[in-house]
Amino acid sequence: KRKAAVSKSEPVDNNYIKAKLGFFEEVSGWKLNEKIVCPHCQKRGCVATKQVKVNTGISGAKATAAILTDGWSLPFTGLSRKASVTGALCKNCGSKWAF
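Residues numbered from 1 in each chain as written. Predicted model: local features only at pLDDT ≥ 70, side-chain atom pairs only at ≥ 80, totals over all residues. Heavy atoms only, no water.

**Student:** Help me out: how do you make sense of the pattern of salt bridges in this one?
**Tutor:** For side chains of opposite charge, pairing can occur when their charged atoms come near one another. Tallied over the full model, the rule gives one salt bridge. Of the charged contacts, one joins E25 and K91 as a salt bridge, the two residues approaching to 2.9 Å between their closest N and O atoms. Taken together, the residues E25 in helix α1 (residues 23–27) and K91 in the loop between β3 (80–90) and β4 (96–98) connect sequence positions 66 residues apart. Exposure remark for E25: the relative accessible area of 16% places this residue in the buried category. (Salt bridge = Lys/Arg side-chain N within 4 Å of Asp/Glu carboxyl O. Helix = DSSP H or I, 4+ residues; strand = E, 2+ residues; numbered from the N terminus. Buried < 20%, exposed > 50% of the residue type's maximum accessible area, 1.4 Å probe, protein only.)

What follows is the structure in structure tokens.
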């Protein structure tokens, strides 16, 4: 008699999707982070991240400069303050968010 070989398989994660980055995403600095779960589609392994700058409000120094220069500095600097955050892009559902 022959015994059937017992195959040990690892548990399958139904929430895991192995995504690929496109050429333009790789060139622009996106990196696939397989540990992040998309808050919209709840899938893991398909979220790409990169550092981005976002406007966070009015900068007091820029507002003061605009007043002192009678508004001439506005076209060059604007009023908004910029902060560096992590931008995320889901390759499965296409949603974008920052944290």
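**Student:** I keep staring at the nonpolar core and nothing clicks. Help me out?
**Tutor:** Proteins that are soluble and globular tend to have nonpolar side chains buried together. The biggest cluster of nonpolar side chains holds eight residues, and these are A19, I36, C38, C46, V47, A88, C90 and W97. Excluding residues that lie within four positions of it along the chain, C46 makes contacts with I17, A19, L32, L89, C90, K91 and N92. (Core = buried A, V, L, I, M, F, W, Y, C linked by side-chain atoms within 4.5 Å. Contact = heavy atoms within 4.5 Å.)

**Student:** It is not clear to me how unusual backbone geometry should be interpreted in this structure. Could you clarify?
**Tutor:** Note: most residues except glycine have negative phi, and most peptide bonds are trans. With a phi close to 65°, Q42 is a non-glycine residue in the positive phi region. The topology assignment puts Q42 in the loop between β1 (31–33) and β2 (47–58). Assessed through its relative accessible area of 42%, Q42 is described here as partly exposed.

**Student:** Mind showing me how you'd approach a nonpolar patch on the surface here?
**Tutor:** Together, F23, F24 and V27 line one region of the surface with nonpolar side chains, adding up to about 410 Å² of accessible area. Take V27: it is sitting in helix α1. What makes V27 exposed here is its relative accessible area of 59%. (Patch = residues over 30% accessible without salt bridge, like charges linked within 9 Å, V, L, I, M, F, W, Y side chains within 5 Å. Areas by Shrake-Rupley, 256 points an atom, 1.4 Å probe, with all protein chains shown as cover.)

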